Protein chains: 2
Amino acid sequence: KVYTQTEHSGQKKLRLLSRAKVLTIDTMNPTVKKVEYAVRGPIVLRAVELERELSEGMKKPFSEVIKANIGDAHAMGQQPITFFRQVLALCSYPELLNDSTFPEDAKSRARRILQSCGGNSMGSYTASQGIDSVRQDVARYIERRDGGVPCDPDDIYLTTGASDGIVTMLKLLVCGEGATRTGVMISIPQYPLYSAALAELGAVQINYYLNEEKCWSMDISELQRALDEARRHCNPRALCVINPGNPTGQVQSRQCIEDVIRFAANERLLLMADEVYQDNVYAEGCQFHSFKKVLFEMGPEYSDTVELVSFHSTSKCYMGECGFRGGYMEIINMDDEVKAQLTKLVSVRLCPPVPGQALMDLVVNPPQPGEPSHDNFIKERTATLSALAEKAKLTEQVLNTIQGISCNPVQGAMYSFPRITIPEKAIQEAMDKGQEPDMFYCMKMLEETGICLVPGSGFGQTDGTYHFRMTILPPTDKLTILLNKVKEFHQKFTQQYS
Amino acid sequence: KVYTQTEHSGQKKLRLLSRAKVLTIDTMNPTVKKVEYAVRGPIVLRAVELERELSEGMKKPFSEVIKANIGDAHAMGQQPITFFRQVLALCSYPELLNDSTFPEDAKSRARRILQSCGGNSMGSYTASQGIDSVRQDVARYIERRDGGVPCDPDDIYLTTGASDGIVTMLKLLVCGEGATRTGVMISIPQYPLYSAALAELGAVQINYYLNEEKCWSMDISELQRALDEARRHCNPRALCVINPGNPTGQVQSRQCIEDVIRFAANERLLLMADEVYQDNVYAEGCQFHSFKKVLFEMGPEYSDTVELVSFHSTSKCYMGECGFRGGYMEIINMDDEVKAQLTKLVSVRLCPPVPGQALMDLVVNPPQPGEPSHDNFIKERTATLSALAEKAKLTEQVLNTIQGISCNPVQGAMYSFPRITIPEKAIQEAMDKGQEPDMFYCMKMLEETGICLVPGSGFGQTDGTYHFRMTILPPTDKLTILLNKVKEFHQKFTQQYS
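The model shown is predicted, which means the values in this text are computed figures rather than measured ones. (Residues numbered from 1 in each chain as written. Chains lettered and ligands numbered in written order. Predicted model: local features only at pLDDT ≥ 70, side-chain atom pairs only at ≥ 80, totals over all residues. Heavy atoms only, no water.)

Draft legend 1. Local environment of the pattern of salt bridges. Counted under the stated rule, the structure contains 62 salt bridges over all chains. One salt bridge in this structure joins Arg254 of chain A and Glu258 of chain A, with 2.7 Å as the shortest N-O distance. Note that Arg254 of chain A and Glu258 of chain A are positioned in helix α9 (residues 254-266) at a spacing of four residues, about one turn of the helix. You can call Arg254 of chain A partly exposed: its relative accessible area is 26%. Classification of Glu258 of chain A by relative accessible area gives buried; the value is 16%. With its nearest N and O atoms 3.2 Å apart, the salt bridge here joins Glu448 of chain B to Lys492 of chain B. A residue pair is termed long-range when its members are at least 10 positions apart, and Glu448 of chain B in helix α16 (residues 437-449) and Lys492 of chain B in helix α17 (residues 476-496) qualify at 44 residues. Here the salt bridges share partners, and the residues they tie into one network are Arg254, Glu258, Asp259, Arg262, Lys293 and Glu297 of chain A. (Salt bridge = Lys/Arg side-chain N within 4 Å of Asp/Glu carboxyl O. Helix = DSSP H or I, 4+ residues; strand = E, 2+ residues; numbered from the N terminus. Buried < 20%, exposed > 50% of the residue type's maximum accessible area, 1.4 Å probe, protein only.)

Draft legend 2. Spatial organisation of the sheet that holds strand β9 (residues 308-313) of chain A. All names here are of chain A. One open sheet accounts for seven strands, arranged β4-β10-β9-β8-β7-β5-β6; its pairing is mixed. Only two strands of the sheet have a single partner each, and these edge strands are β4 (156-160) and β6 (204-209). With strand direction ignored, the average angle separating the axes of adjacent strands in the sheet is 25 degrees. Pairing analysis gives five bridges linking β4 to strand β10 (residues 326-332), with the strands arranged antiparallel. By the bridge assignment, Leu158 is partnered in β10 with Tyr328. Sheet contacts for helix α8 (residues 220-231): β5 (182-188), β6 and β7 (235-242); angle to β6, the most-contacted strand, approximately 155 degrees. Against the sheet, helix α13 (residues 354-364) engages β4, β9 and β10, with an angle of about 70 degrees to β10. (Pairing = 2+ DSSP bridges. Axes fitted to C-alpha atoms, helices over the stretch in contact; angles between N-to-C directions. Contact = heavy atoms within 4.5 Å.)

Draft legend 3. A look at the interface of chain B and chain A. At the interface, 104 residues of chain B touch 104 residues of chain A. Surface buried jointly by chain B and chain A totals about 9000 Å² across both partners, of which 55% is contributed by carbon and sulfur atoms. Along the contact surface separating chain B from chain A lie four salt bridges. Across the pair Arg349 of chain A and Asp164 of chain B runs a salt bridge whose closest N-O atoms are separated by 3.8 Å. Put simply, chain B and chain A have 48 residue pairs in polar contact (both at pLDDT 80 or more) between them. Class assignment for the residues of the side of chain B that touches chain A results in 48 nonpolar, 30 polar and 26 charged. (Buried area = accessible area lost by both parts, 1.4 Å probe. Polar contact = N/O pair within 3.5 Å; in protein donor to acceptor, adjacent residues only side chain to side chain. Nonpolar A, V, L, I, M, F, W, Y, C, P; charged D, E, K, R; others polar.)

Draft legend 4. Fine view of the packing of aromatic side chains. Per the stated rule, a full pass over the model turns up 28 aromatic pairs over all chains. When the centroid spacing of 5.5 Å and the interplanar angle of 35 degrees are considered together, the rings of Phe489 of chain A and Phe493 of chain A count as tilted. Taken together, the residues Phe489 of chain A and Phe493 of chain A, both in helix α17 (residues 476-496) and four residues apart, mark about one turn of the helix. With relative accessibility at 4%, the residue Phe489 of chain A sits in the buried group. Measuring from centroid to centroid gives 6.3 Å for Tyr441 of chain B and Phe468 of chain B, while their planes differ by 15 degrees, and the two rings are stacked. With Tyr441 of chain B in helix α16 and Phe468 of chain B in strand β16 (residues 466-471), this pair connects stretches of sequence that are 27 residues apart. Of the two residues, Tyr441 of chain B and Phe468 of chain B, neither departs from the other in class, the shared state being buried. Of the aromatic side chains, those joined through ring pairs into one cluster are Phe440, Tyr441, Phe468, Phe489, Phe493 and Tyr497 of chain A. The cationic tip of Lys292 of chain A hangs over the ring face of Phe296 of chain A; the distance from NZ or CZ to the ring centre is 5.6 Å. (Phe/Tyr/Trp six-rings, centres within 6.5 Å; stacked < 30°, edge-to-face > 60°. Lys NZ or Arg CZ within 6 Å of the ring centre and 35° of its normal.)

In structure tokens form, the structure reads like this:
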């Protein structure tokens, strides 16, 4: 403690100044403290540490840390789409428009994007909602995808990745205190962006459980149960759905989506459809149905009334361009005044990153048949998606050969979320350490094998069950090694604690 | 209203369904409604409309809308730095590393950036705090800038533009209710990101007024007045300073900064220094002093205790790369536990856009003497900064020739914030329309001349005074036309309402 005599505006004051920090764990925003985000949690921090220790020559029982914790395709060796990167290079350094080695279709795309930028530069701010021409291209993409259901570019907001759009929408929704506080329904298991955003906003998280026995499908009676219980203590206003599922990898049937829309309509819930994995569908008989298309097929009673927001991103699918932070959301049936507020709110952050906007444009407007880059684009896209389909199958098959591990088919997205049996003794040891049993399991796996997975507790799971999430992204040869190491580890772990 | 019969889980219910919107202006987040952001407010929406009308062939008293509302350099014709864009193109499309027309230093920078990216791709997520090697380069830049004051890369967080960092820091600070609610001191006039963020977070905005008579300097007695008043109804915890000033263009003296630091220390306020215009200093005798450097020159009593966060960006200075949304913040003397919470919080959004991180790296690590791109880099940077200095002078000079307009010198940043005399009759007419008088004035100017400025009321100003903010960014010839049009308009307006 320091005593200082200060003299201000003619007034003498002797002031006891405690030079303790202004901002401490006890005086910081309490809602921020409640935020948790397992995908980059303690296990990942430890993985980074282990990588450093390896690089410093420390001896470990493994030679490499394999990060299967996050859907980070390029980091796992997936190659970017050549055409996309050519256009981005042209937009970054327009001198290259004179370079004859670049294909004409890449150049014409780049010219179109640059013409939409102030001063023809990606260095200019754009409209806060995103570049007009990009939003027009997004609208046409959605119309093609949904068999002609109309889409208004004014309903498209470009975003900084899908996360940005999701948080913005949740922010609009939150109001009330105590029993009237906004509640938002999210699936369990969930992608922890949702729980993190709800914690930060101080909204009530309403859990509905996916049905693991039925391949992680949604169950209307479970939605109803969760909603009815929640109504006793909060004001449920929105229902979030991730399809294809993260972390659970299921692809919802058209019937299920219709049922969910009817439920949302009847219960007056705004629907948030996280559809960032819309191209990642692998299982035979499965197909991606957008919530919007199904909504419009249900007729005007629904399509004129149900408030729906759908999110997409450049980070997943076949492009995997996470680092560019591109995305969009489409808002359907949103009240005009609220839309104006949304536009105002996004204007405070000026605009989403322009390279991400450009990339989003390329995703929704890729090379067309007859254009010079078309064949190579199709070849690259197909190669990536086929490899993912193969790895989805491989992952399911190998994991299901392990005694004490069982997993649903990876129908879509990029993850397997197997259920693991953890021996009672291990559960006890974890508890003694104050750790979730699956965190204990994953930490041990990391230390012994270098494999970084995310414990199921980071996503939520039925009490007494344990899981982990692993991505299917490593190259096939590495994935095979990884799966065999998981097998070995699980057997050893089970023996050790039996 | 629609009646629907629904049957769920065996239970029959007849439910009256009101199909009113879930989300309406009355049921949305009330803090979002309070957000205002004049830089992209109604006047800009009207400017965009006018541009459309012009392009559709509608007759107007002008042939072009000139947007002097926002610090958007490239949109106003400023050229990007060639070296920066070459490296970005190389990083986007690494095939170009084989292209002999690119200079070697650009290639080696690109290789270094790509080596720091997972899978050597800008499409990978990075660490949430930003790429390690970029943070190291930032730290070295700060050390050079501040004459050797040490900087730890662990204290650097890369951000999505400076706005992102500022909002994140404010978010950490907010807590308490009623008289213990966090208050944050901001200058008036201010950059409205601050008021918008505080409104959204529900924090208390504490206004301290800059002294227009003394070239918009900060006045400790005014800070004390504002703080003492605020202490009666909230818990002031932070003091925000923008230097060089936005919208006011002043550059603070070293003495003033020292006084402010002492004030913050004595009053236990966390300091937030918005230093995004650190290269934009034009007036003779003015120099940029970083808050950090001054803090460390004040000795350990201050440098060991005062919590300081400094923000920088790729959007301003000589680069003007707004669209890439690059930036960083340096946090000094932050409590370790709070820092861990900050790292966790930023991890939810995964990472700042990688092209923006790459650009930030180039800004802090530009071509060095002896490298092939050095001379051209210096030439381009000097040209841009000299042109800005010239336009700063031109703007001040012409505006001060107008009767009824007076402005301080534009010592730095990119804006002039002249005071305008609005005749009583015009004030009355504005009031009748429910408009701020300077909004009325700027709207009229836009309709009659096509010039888009932002009214002073969007930034805050002493009651009964009126201002506008205009950027000095248009090319000199266009700026001359613009200033003459402002002169003509002001004279006509004054006559009309006298």
